[in-house]
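# A look at the structure
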Amino acid sequence: MADDVDYTRALNEHPEVFYRYPLKLVHGVPLMAPIAQQWAPIENFQARPDDLLIATYPKAGTTWMQEVVDLILNGGDVEKARRAPTYVRIPFLEICSPPPLPSGVSQLQNAPSPRVIKTHLPFHLVPKSFWEKKCKVIYVGRNAKDNLVSYFFFDQMNLTQPDPGPWEEYIKKFMEGQVAWGSWYDHVRHYWDEKQNHRILYVFYEDMKEDLTREIHRLMDFLEVDLPEDVVQKIVRNTSFQVMKENPMTNYKLLPSTIFDQSKSSFMRKGEVGDWKNYFTVAQREAFDADYQRKMEGTNLQFRDEL
Ligand code: A3P
């Protein structure tokens, strides 16, 4: 397939390759089968020193961070940020659809520098060259219960990941790390620990909700970009939940319903902190929190599950 392929068109033209892929273990982490089957080129991916990696556990606010970063790097130029959908502007490193569709790696190999790259890989599966080349990494973490709720709805509408099943069972699967990209607990902890050793900026979804201006300034410092305050405010306005929900370049509505069936749940679903309270029973919350204390013992990483 040509390198300059129109990716969205290609996705639309090959509905036959998409179905709910089973998960397969890669170094102990459950990943969608096409990723596991094409693992070698991902593991051997060659980063460049000026690559910027946006790393998240799924549903932690990846798309939001991608939009904020793209706008910062383009000086707040809103028209430029609408040049292509999120997944074309900032390719997804490990995504693999069965051939003939291009993989994330092949999209990236031909992309000009500086590249911005998305990944959901846990720290220990990130290709080593990112650390050897000392690349900057932005990590977004979101509190476990909201992350779980968001993932539950996403797995209903994302027709390439296993069906989430009933709510009660899904909570258990999440707690056991039996979902795509594995354990939330290991994911958030490992990047937190490794930020001492690498150029990792750790950002919380809840902090972005609380004060996006403040977090954009943190990002600008990290990215060594200076923008006037009116541009910062323009970025804040254009990355609000409502604007991104209506923006065809960020709301994933360009993807065919054979991949994301948004009649089941919107990609831009609610965008809130504390939505978990609408789904967890008191007993479920107590059991989840008790297990959480055990799994998160010994770390000073703290999430807020309400604002
Ligand atoms: P909800 O399902 O809780 O609404 P990801 O991009 O990692 O898949 O994360 C998706 C989650 O981020 C969804 O959460 C989505 O609504 C939320 N989100 C996306 N853009 C947002 C924004 N501008 N403000 C707040 N939340 C946003």
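Keep in mind it's a predicted model, so treat the numbers as computed, not measured. (Residues numbered from 1 in each chain as written. Predicted model: local features only at pLDDT ≥ 70, side-chain atom pairs only at ≥ 80, totals over all residues. Heavy atoms only, no water.)

### Focus on the overall build of the protein
Scanning the protein from N- to C-terminus turns up 16 helices and 6 strands. In terms of its C-alpha atoms, the protein occupies a principal-axis envelope of roughly 50 × 45 × 40 Å. Split into buried and exposed, the 307 residues of the protein put 59% on the buried side. When contacts within the protein are restricted to residue pairs at least 6 apart in sequence, long-range pairs at least 24 apart make up 75% of them. (Helix = DSSP H or I, 4+ residues; strand = E, 2+ residues; numbered from the N terminus. Buried < 20%, exposed > 50% of the residue type's maximum accessible area, 1.4 Å probe, protein only. Contact = heavy atoms within 4.5 Å.)

### Section: helix 4 (residues 62-73)
Side chains of residues three or four places apart in an α-helix project in the same direction, reflecting 3.6 residues per turn. The terminal C-alpha atoms of helix 4, which comprises 12 residues, lie 16 Å apart, in line with the 16 Å expected from a rise of 1.5 Å per residue. For helix 4, the buried fraction is high: 11 of the 12 residues fall into the buried class. Buried within helix 4 we find Thr-62, Thr-63, Trp-64, Met-65, Gln-66, Glu-67, Val-68, Val-69, Asp-70, Leu-71 and Ile-72. Count one or two residues on from helix 4 and you reach Gly-75, which has phi positive near 60 degrees. (Expected span 1.5 Å × (residues − 1).)

### What about the site of the ligand?
The immediate surroundings of the ligand are formed by 18 residues, with Thr-62, Thr-63, Ser-150, Lys-270 and Gly-271 found nearest. Residue Arg-142 places a side-chain N or O atom 2.9 Å away from an oxygen atom belonging to the ligand. For the ligand, the accessible surface in isolation is 570 Å², of which the surrounding protein chains cover 97%. Counting only elements with at least two residues in the shell around the ligand, the list comes to helix 4 and helix 15 (241-246). Sort the elements by how many residues they give to the shell around the ligand and helix 4 lands first, with 3 residues. (Near = heavy atom within 4 Å. Polar contact = N/O pair within 3.5 Å; in protein donor to acceptor, adjacent residues only side chain to side chain. Areas by Shrake-Rupley, 256 points an atom, 1.4 Å probe, with all protein chains shown as cover.)

### What about the packing of helix 10 (residues 167-176) against helix 16 (residues 282-295)?
Pairs of packed helices are described in terms of their axes, by the angle between the two and the distance that separates them. Across the interface, helix 10 lies against helix 16 with an axial gap of 11 Å and an inter-helix angle of 5 degrees. Compared by their axis directions, helix 10 and helix 16 come out roughly parallel. Contacts between helix 10 and helix 16 pair Trp-167, Glu-168, Ile-171, Phe-174 and Met-175 from the former with Gln-284, Ala-287, Phe-288, Asp-291 and Lys-295 from the latter. Counted by class, the contact of helix 10 with helix 16 contains 6 nonpolar, 1 polar and 3 charged residues. (Axes fitted to C-alpha atoms, helices over the stretch in contact; angles between N-to-C directions. Parallel < 35°, antiparallel > 145°, perpendicular 65-115°, else oblique. Nonpolar A, V, L, I, M, F, W, Y, C, P; charged D, E, K, R; others polar.)

### Some points on the UniProt feature "domain: Sulfotransferase" (unreviewed entry) in the protein
With numbering matched to this structure, UniProt assigns "domain: Sulfotransferase" (unreviewed entry) to residues 49-299. Along residues 49-299, the helical share is 45% and the strand share 8%, with 30 Å between the first and last C-alpha atoms. (UniProt positions renumbered as here; feature names shortened; annotations may be inferred.)

### Thoughts on the environment of Leu-73
When you line up the elements, Leu-73 lands in helix 4. The class for Leu-73 is partly exposed, based on a relative accessible area of 39%. For the pair Leu-73 and Asp-226, spaced 153 residues apart in sequence, the C-alpha to C-alpha distance is 9.9 Å. Among residues more than four places away in sequence, those in contact with Leu-73 are Leu-52, Val-116, Leu-223 and Val-225.

### Section: the sheet that holds strand 6 (residues 200-204)
Pairing in this open sheet of 4 strands is parallel, and the strands run 4-3-5-6 from one edge to the other. Across the chains shown, the open sheet's two edge strands, defined by having one partner strand only, are strand 4 (116-119) and strand 6. Recorded for the sheet is a direction-independent mean angle of 20 degrees between the axes of neighbouring strands. Summarising the sheet, strand 3 (residues 52-56) and strand 5 (residues 136-141) pair through 5 bridges and their orientation is parallel. Across the sheet, the residue bridging to Ala-55 is Tyr-139, located in strand 5. (Pairing = 2+ DSSP bridges.)

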